[in-house]
Amino acid sequence: MSEKRFITAEDLYRMHWVSDPAVSPENGATAYILKTVNDKRDGYLNQIRLIQPNGGIDVPFAAGEQDGAPQWSPDGSQLAFLRKKGDARQVWIMSAHGGEAQPATELKHGVSAFKWSPDGKSLLLKAEAPDTTEEQAESSKAKDETKLPEERIVDRIRYKADGVGLRSVRRSHLFVFDLEAKSSVQITEGAFDVGSFAWSPDGRRIAYTAELPTEEYADPDLRPTGDLYVTDRAGGEARRLTDGTIRIGAVSYTPDGLSILMLADDLSCGYATLTRIYLIPAEGGEYRALYTELDIQLGHSCVSDMRAGAGTPPVFSHDGAYVYLQVSQNGRVEIARFALDGSDFEIVAGGDREIYQFALTPEGSLVFAAADPLNPGDLYWMELPGGAETRLTECNKELWSELALSEPEEFQFTTGDGWPFQGWIIKPIGFKEGSKVPAVLEIHGGPQAMYGHTFMHEFQLLAASGYAVFYTNPRGGHGYGQVHVNTVRGDYGGRDYLDLMEFTDYVLERYPFVDASRLGVTGGSYGGFMTNWIVGHTNRFQAAVTQRSISNWLSFYGVSDIGYHFTEDQIWGNAWDDVEKLWKHSPLAYVKDVSTPLLILHGEQDLRCPIEQGEQLFVALKRLGKETQLIRFPGADHNLSRSGNPYLRTRRLTHIVRWFKEHIEA
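Residues numbered from 1 in each chain as written. Predicted model: local features only at pLDDT ≥ 70, side-chain atom pairs only at ≥ 80, totals over all residues. Heavy atoms only, no water.

**Structural notes on unusual backbone geometry**
Stage number 1. Look at the link from Leu384 to Pro385: it is a cis peptide, with omega at -5°.
Stage number 2. Mapping Pro385 onto the fold places it in the loop between β31 (375–382) and β32 (389–391).
Stage number 3. Residue Gly446 is joined to Pro447 through a cis peptide bond whose omega torsion reads 5°.
Stage number 4. Here Pro447 shows up in the loop between β36 (437–443) and α3 (457–464).
Stage number 5. One non-glycine residue, Arg41, lies in the positive phi region at around 65°.
Stage number 6. In this fold, Arg41 is placed in the loop between β3 (30–37) and β4 (44–51).
Stage number 7. Under the relative-accessibility criterion, Arg41 is labelled partly exposed at 42%.
Stage number 8. Not every positive phi belongs to a glycine, and Lys182 is a case in point at roughly 55°.
Stage number 9. Mapped onto the elements, Lys182 comes out in the loop between β14 (172–178) and β15 (183–186). (Helix = DSSP H or I, 4+ residues; strand = E, 2+ residues; numbered from the N terminus. Buried < 20%, exposed > 50% of the residue type's maximum accessible area, 1.4 Å probe, protein only.)

Rendered as structure tokens:
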């Protein structure tokens, strides 16, 4: 076999990604999505494939190029999925035995999510409901051949969203679609958006979450929490089951129909509060949190540049006694089984990896999608309890056979105040013992997220370019309990900064091959904030790259899609009462102290950390005669590095390596 080569940025074009495993209740066959880069390299193809139980034949199942969210009918006879044609997604259905898929829905504004009814005769759809005012305006404009531009009237504080852009006046509501009659009935309406939703096991009722006005919050856009509602499948008046004191994510009826399970938190630590399992009687009453003694984050919190968003809603065991959920701890994303009576908890699938999605088979085994530090992700089958594991796919086998990769080394260290930390270091590919090498400190976003045992193209590319890469989860990140994740709130640039500096000191002491005179630092989002903060408070790094960053909390408050509530929760202040506090925590305030060459990368359509954050920093640095450069990515939002335009993703990686090479010789 020929010698393996180093990975490149352009290898992204040949990568494959698997996701959304859906197991047939009839025969255990798994439908899944295979994602690839298109020929133009400006987008992606998403194809549904079908693989037989325990591996074997793996074939294309649907002919679409923009398909997603596959779901089997309750009897396994049909597969429904979302197919994008034009700007809208509709539900399509095809027989489990193959053939041509047929469109099921034709909603004007498309369908964003759906669920089969328990009897398989209907679909519960989440979609934007038509707005009378908008419809009239569109009708009038259609008659006007001049088609002059229209002004946009904004009367909501939540009027934009990253990855979406400016929100329409339409609201997301629920519709029940009768498959035989091919007609739908809208069952929720009003000036609110439906969040999560679920059928009752008998198909008679529907539970959903929404944020409606309350006496305390006349403007529901300002509510930090929502509520759980239940309505009949035919619609009508909904009953509110909760009291607005918890922030609710996924909801699902228990298999016996007696209770509704909610993944939620009580905001006792703001947005850093750990997610818990809550149960509430289906007819209403007191709700209770289960497993409150577990200091573990429920759900998926691991960051990667291979995917934007991951996770699986609650999955119940076939006997209804347990619920399966992902948990994030110590750099791992694992699958845990929780007894609904609160008596038993155990990890059923784990290891040093990121299990980013999963499903149960008819016989009670697991099919899951997992990545590890040397693999972007594949499907696996595992017999429960604690049985053998079989790899179902090797979607990057050909490309990976060509590449030399560097496996991270995990280690532990303790901060100056006695706090135990987990860290990793990746040696440069081709590293020779006794040599001295440059190194880059990587800082994750969030900060309520975590680095872990998963594949990072950026890290491997730096290792292929001659750099060691070291990274950790400073206080503020998930994976290490409630106190760890809550510590950063109100103290951005405080203990988190010291954690990273002490971590750097430890790496230099433990790994003498790292050259202290050739260090770089980079990070995105919160990691971009921290990169900006670092270069304003130390000159120990010879180069820095800040990505989709925050530089000024005062302007961030009003321009970010989440600025008005995120700033208050994380910095503990607003832009009129707490000017000094917000400025104190803004990297821009320390720009005169920057001496490190700084590359600024920013997407032009980033609404989470808008580009003006990067622009302010760039202008200030240039005005002061500092060494800097601004790279703008057209059309890119906050998720550029994970799911953005493939060509721009490679350019971003190329610029990162270029900047470090220009300022830190490898």
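**Re the sheet that holds strand β20 (residues 247–253)**
To summarise the sheet geometry, strands pair through backbone hydrogen bonds and adopt either a parallel or an antiparallel arrangement.
Stage number 1. Ordered by their spatial adjacency, 4 strands build an open sheet running β20-β21-β22-β23, and the pairing between neighbours is antiparallel. Since the sheet does not close on itself, it has two edges, and those belong to β20 and β23 (288–290), each with one partner. When strand polarity is set aside, the average angle formed by the axes of neighbouring strands in this sheet is 35°.
Stage number 2. Two elements, strand β21 (residues 259–265) and strand β22 (residues 276–281), share 6 bridges in a ladder whose sense is antiparallel. Bridge pairing in β22 places Ala264 opposite Arg276. (Pairing = 2+ DSSP bridges. Axes fitted to C-alpha atoms, helices over the stretch in contact; angles between N-to-C directions.)

**Regarding the environment of Arg540**
Stage number 1. Mapped onto the elements, Arg540 comes out in the loop between α6 (526–535) and β39 (543–547).
Stage number 2. The spatial distance from the C-alpha of Arg540 to the C-alpha of Arg518 is 8.9 Å, given a sequence separation of 22 residues.
Stage number 3. Arg540 has contacts with Met501, Thr504, Asp505, Leu508, Ala516 and Leu519, leaving out every residue within four places of it along the chain.
Stage number 4. At a separation of 2.7 Å, a polar atom in the side chain of Arg540 contacts the side chain of Asp505. (Contact = heavy atoms within 4.5 Å. Polar contact = N/O pair within 3.5 Å; in protein donor to acceptor, adjacent residues only side chain to side chain.)

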